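Chain and residue survey
Below are the chains, spelled out letter by letter.
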Amino acid sequence: MHDWLTGMRGGERVLHELLELLPDAEIFTLVHRPGSGSSRIEARPIHTSFLDRLPFGRTRYRHLLPLMPWAVGRFDLRGFDLVVSSSHCVAKGVPVPDGVPHLCYCHTPMRYVWDQYDAYWAPGRASAPIRAAMAVVAPRLRAWDVRTAGGVDRFVANSRFVAGRIRRHYGRSATVVHPPVALGRFTPRAEKEDFFLFLGAPAPYKRLDLALEAFRRSDRALIVAGAGTDAPGLRRLAGPTTTFLGRVSDDEAARLLGAARALLLPGVEDFGITPAEALASGTPVVALGRGGVLEMVSDDPPASDDPERAVPGRGVDGPVPGGELFAEPTPQALTAALDRLESRTFDARALAARVAHLRPERFRDAMSREIAGVMAGGGDR
């Protein structure tokens, strides 16, 4: 059970590797855009919800958030002997028949109503009618999210940071298995070109707006690449030194990651496969100083249940072995981090070594053990 299949982002790369372990598995998902997944994903039987058949269901599915618990609750999983959910929204709430083990690989508890509520629904990010509707809907979604956590036998988190969220919101423990990174696609590159990089879809929590504002006040060059990053609203925030590439191929993304002076991560990441790919390319990361990214760029990340990291203005600030961190989510703090970065030198191979443990084989080995454990009746309650 995967929330939706509309592209190959971090969650889908996890799903791709999970399917290697489960050769007979079928896929259930709210919405599927045919051809958007890997060949391994697209080759499986894919069952969708009624949301997939609504007008604009495959393009504006996030607007259907209030309907998603109902949609996921209508799947019939009788006849299967194991359910694995890959969940950052509602997938873990799928009803599982009695006696069937349910393992959830949790990318994060439903970010839209918990830690990232303001990133999606605050004034300036949503209209007044939508904010009013979410004020009513969000408490019900939170209650549903907590209640359906009881249907999971074993949680696996993608980072210590997310394990802390699971503990706080659900009162459950979680094993940590970092997501897989296709390290073979990247080669540490010492020589850099004169640009910084934002790579990825511009979900509100990723705070691309913050980076655009910082670079509008600067003569530094910024390249923005990823599906949807050339939206008109974002272009209006950009200065003359920012270039929008839109969607790029995997090969072009790898080239950009190797050539950039640094990858920018202005928002709170659950873990972050893209920063791992940057480090594998010998490229430092400039990131907001909280979230799962600290488990890659820092030698001493805060404890997973440290609530300070979820409070704006109380993150980590300063140099770390994998790049630079800034504590305040402001253009000024990001600019100061860039200033510090430019006074430092980095060893490309040392940066790559920080993520050498994230190879897909290691992920599959760890998840094989988790699947065997839950199939043998071992939960985390």
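Reading guide: rules and limits
- Throughout, a residue's number is its position along its own chain's written sequence, starting from 1.
- Local features are withheld for residues below a pLDDT of 70 in this predicted model, meaning they are given only at 70 or higher, and side-chain atom pairs are given and counted only at 80 or more; totals for whole chains, interfaces and linings count all residues.
- The basis for the side-chain values is all heavy atoms of the structure; hydrogens and waters are excluded.
- Under the scheme used here, helices are H or I runs from DSSP no shorter than 4 residues and strands are E runs no shorter than 2 residues, and both carry numbers assigned from the N terminus.
- Exposure classes here rest on a 1.4 Å probe applied to the protein chains alone. A residue is buried below 20% of its type maximum, exposed above 50%, and partly exposed in between.
- The contact criterion used is simple: two residues touch if any of their non-hydrogen atoms lie within 4.5 Å.
- In this analysis, strands are considered paired if DSSP registers two or more bridges between them.
- The term salt bridge refers to a side-chain nitrogen of Lys or Arg lying within 4 Å of a carboxyl oxygen of Asp or Glu.
- The patches reported here contain residues having more than 30% relative accessible area and no salt bridge. Joining distances are 9 Å for like charges and 5 Å for nonpolar side chains (Val, Leu, Ile, Met, Phe, Trp, Tyr).
- Note on areas: Shrake-Rupley, 1.4 Å probe, and residue coverage restricted to the protein chains presented here.
- Any pair of Phe, Tyr and Trp rings, taking the six-membered ring for Trp, is counted once the centres come within 6.5 Å. Such a pair is stacked with planes under 30 degrees apart, edge-to-face with planes over 60 apart, and tilted for the rest.
- Over a ring means this: the NZ of a Lys or the CZ of an Arg is within 6 Å of the ring centre and within 35 degrees of the ring normal.

In this section: the side chain of Glu-295. Note that Glu-295 resides in helix α11 (residues 294–297). Overall, Glu-295 belongs to the buried group, its relative accessible area being 14%. Discounting chain neighbours no more than four positions away, the residues touching Glu-295 are Ser-159, Arg-160, Phe-161, His-178, Phe-271 and Pro-301.

Bringing helix α10 (residues 273–280) into the picture now. Counting buried residues in α10 gives 7 out of 8 residues, a clear majority hidden from the surface. Within the span of α10, buried status applies to Ile-273, Pro-275, Ala-276, Glu-277, Ala-278, Leu-279 and Ala-280. Packed against the buried residues of α10 are α1 (10–21), α9 (250–259), β10 (263–265), β11 (285–288), α11 and α13 (348–353). Within two residues after α10, Gly-282 carries a phi angle of roughly 80 degrees, on the positive side.

Before going further, it helps to spend a moment on the sheet that holds strand β3 (residues 83–87). Within the open sheet, the 4 strands sit side by side as β3-β4-β5-β6. Their pairing is parallel. The open sheet terminates on both sides in strands that have one partner only, identified here as β3 and β6 (175–176). Summarising the sheet, strand β4 (residues 102–106) and strand β5 (residues 154–157) pair through 4 bridges and their orientation is parallel. Pairing of Cys-104 across the sheet is with Phe-155, part of β5.

Another point: the pattern of salt bridges. All told, the structure shown has 27 salt bridges when counted by the stated rule. Here Asp-76 and Arg-78 are joined by a salt bridge, their closest N and O atoms 2.6 Å apart. Residues Asp-115 and Arg-165 are paired through a salt bridge, measuring 3.4 Å at the closest nitrogen-oxygen approach. Taken together, the residues Asp-115 in the loop between β4 and α4 (117–121) and Arg-165 in helix α6 (residues 160–170) connect sequence positions 50 residues apart. Residue classification places Asp-115 among the partly exposed positions, given a relative accessible area of 29%.

Here we come to a nonpolar patch on the surface. Taken together, Leu-54, Leu-67 and Trp-70 make up a surface patch of nonpolar side chains, about 280 Å² in accessible area. With respect to the helices and strands, the residue Leu-54 is situated in the loop between β2 (46–48) and α3 (68–72). What makes Leu-54 partly exposed here is its relative accessible area of 32%.

This part is about the environment of Glu-213. In this structure, Glu-213 sits in helix α7 (residues 208–216). Placed 122 residues apart in sequence, Glu-213 and Thr-335 show a C-alpha to C-alpha distance of 9.8 Å. Once you skip the residues sitting within four places of it in the chain, Glu-213 turns out to touch Leu-237 and Pro-331.

Let us look at the packing of aromatic side chains. Evaluation of the coordinates by the stated rule reveals 9 aromatic pairs. Judged by centre distance (4.8 Å) and plane angle (65 degrees), the rings of Tyr-112 and Tyr-120 are edge-to-face. Of the two residues examined, Tyr-112 and Tyr-120, each falls in the buried class. Through a chain of ring-to-ring contacts, the aromatic side chains of Phe-28, Phe-75 and Phe-80 assemble into a single cluster. Across the ring face of Phe-56, the terminal group of Arg-60 is positioned such that the distance to the ring centre comes to 5.0 Å.

Fair warning: the whole summary comes from geometry, so function is off the table for now.
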